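Structure assessment
Single-letter residue listing:
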Amino acid sequence: MNKLELIYKTLLRTFGPQHWWPGETPFEVAVGAILTQNTNWGNVEKAINNLKSARSLSAKKIHVMPANSLSVLIRPAGYFNVKAKRLKTFISFLMKNYHGSMAIMKREDVHSLREKLLSVNGIGPETADSILLYALDKPVFVIDAYTKRVLSRHKIMDHDKAYEDFQELFHSSLKRDLKLFNEYHALLVAVGKNYCKPKPQCDKCPLNKLRPISV
DNA sequence: GACCAGGCACATC
DNA sequence: GATGTGCATGGT
């Protein structure tokens, strides 16, 4: 068993299954992936509930909605002007190439789809991979701030390494399995919340002197 | 009041 | 290619 497999085993035993992604449909998951960029999930839930209450959580509804009206609904998620534009850009992409259907998008080969998603303005690697994994059931490992924080604190990989470097480590160390990738990323978020944000000098933080998880 | 939260694009050097 | 900055609400 390698180091990453051991960490997974430890996390699953400690935290239990996380039941991700908290979204009812692939489309809702994709919307959540954009709204949660650099944002607390609780705030995203408020924004999604606003969309639901307005009966506007659909590709068609958001597509025809003026950006400033959308901004009002997603306001709790922060960066609402930026995110309104990003949501509409993603949905235009969805409309144009997949008839507005996540199910049709799902049929596409994962590699070409990932490239296309990354070419959409407002969708970077984490958002693209979150959509691929949690909305479209593609076995792609999602790297986020917590993943980098946990791995760098345990000296497994330097915090400043690129997204693709972290992702490659998971891909090469683990069986390429949808369920595993889904659960592992969610567990890293769960444990990551217990680590303070890395700063150049943080001698006050006790977690810097401890081994927060045993591997 | 400071700090943080499941990023990304863009400007500048 | 690396580094800095704007975007913004809501909880602790």
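Here, residues in each chain are numbered from 1, in the same order as that chain's written sequence. Starting at A for chains and at 1 for ligands, labels are handed out in the order in which the entities are written. Given that the model is predicted, a residue must reach a pLDDT of at least 70 before its local features are reported, and side-chain atom pairs must reach 80 or more before they are shown or counted; all residues, however, enter totals for whole chains, interfaces and linings.

**Quick word on the protein's contact with DNA strand C**
Where we set the bar: Nearness rests on one distance test: the residue's C-beta atom, set from the backbone, must lie within 6 Å of the molecule or strand. Helix numbering and strand numbering both begin at the N terminus, where a helix is a DSSP run of H or I of at least 4 residues and a strand a DSSP run of E of at least 2. Just so you know the grouping, Ala, Val, Leu, Ile, Met, Phe, Trp, Tyr, Cys and Pro go in nonpolar, Asp, Glu, Lys and Arg go in charged, and all remaining residues, Gly too, go in polar.
Taken together, Asn-38, Thr-39, Asn-40, Gly-42, Asn-43, Arg-75, Pro-76, Gly-78, Tyr-79, Phe-80, Asn-81 and Val-82 make up the full set of residues near DNA strand C. Where the surface near DNA strand C is concerned, the elements lending two or more residues are helix H3 (41-53) and helix H6 (80-98). Sorting elements by how many residues they give to the surface near DNA strand C places H6 first, with three residues. Its residues placed into classes, the surface near DNA strand C shows four nonpolar, seven polar and one charged.

**Some words on the environment of Leu-51**
The cut-off we apply is this: Think of it this way: build a C-beta for each residue from its backbone, and any pair within 7 Å is a contact.
With respect to the secondary-structure elements, Leu-51 resides in helix H3. Leu-51 sits 19 residues away from Leu-70 along the chain, and the two C-alpha atoms are 8.5 Å apart. Setting aside residues up to four positions removed in sequence, Leu-51 forms contacts with Ser-56, Leu-57 and Leu-73.

**What about the protein's contact with DNA strand B?**
Inspection of the region around DNA strand B gives 26 residues, with Gln-37, Asn-38, Gly-124, Thr-127 and Ala-145 positioned closest. Contributing elements (two or more residues each) for the surface near DNA strand B: helix H9 (125-135) and helix H10 (145-153). Take the surface near DNA strand B: its biggest share by element is four residues, from H9. Of the residues belonging to the surface near DNA strand B, the class tally is 11 nonpolar, 11 polar and four charged.

Interpretation note: all reported values are geometric properties and have no functional meaning in isolation.
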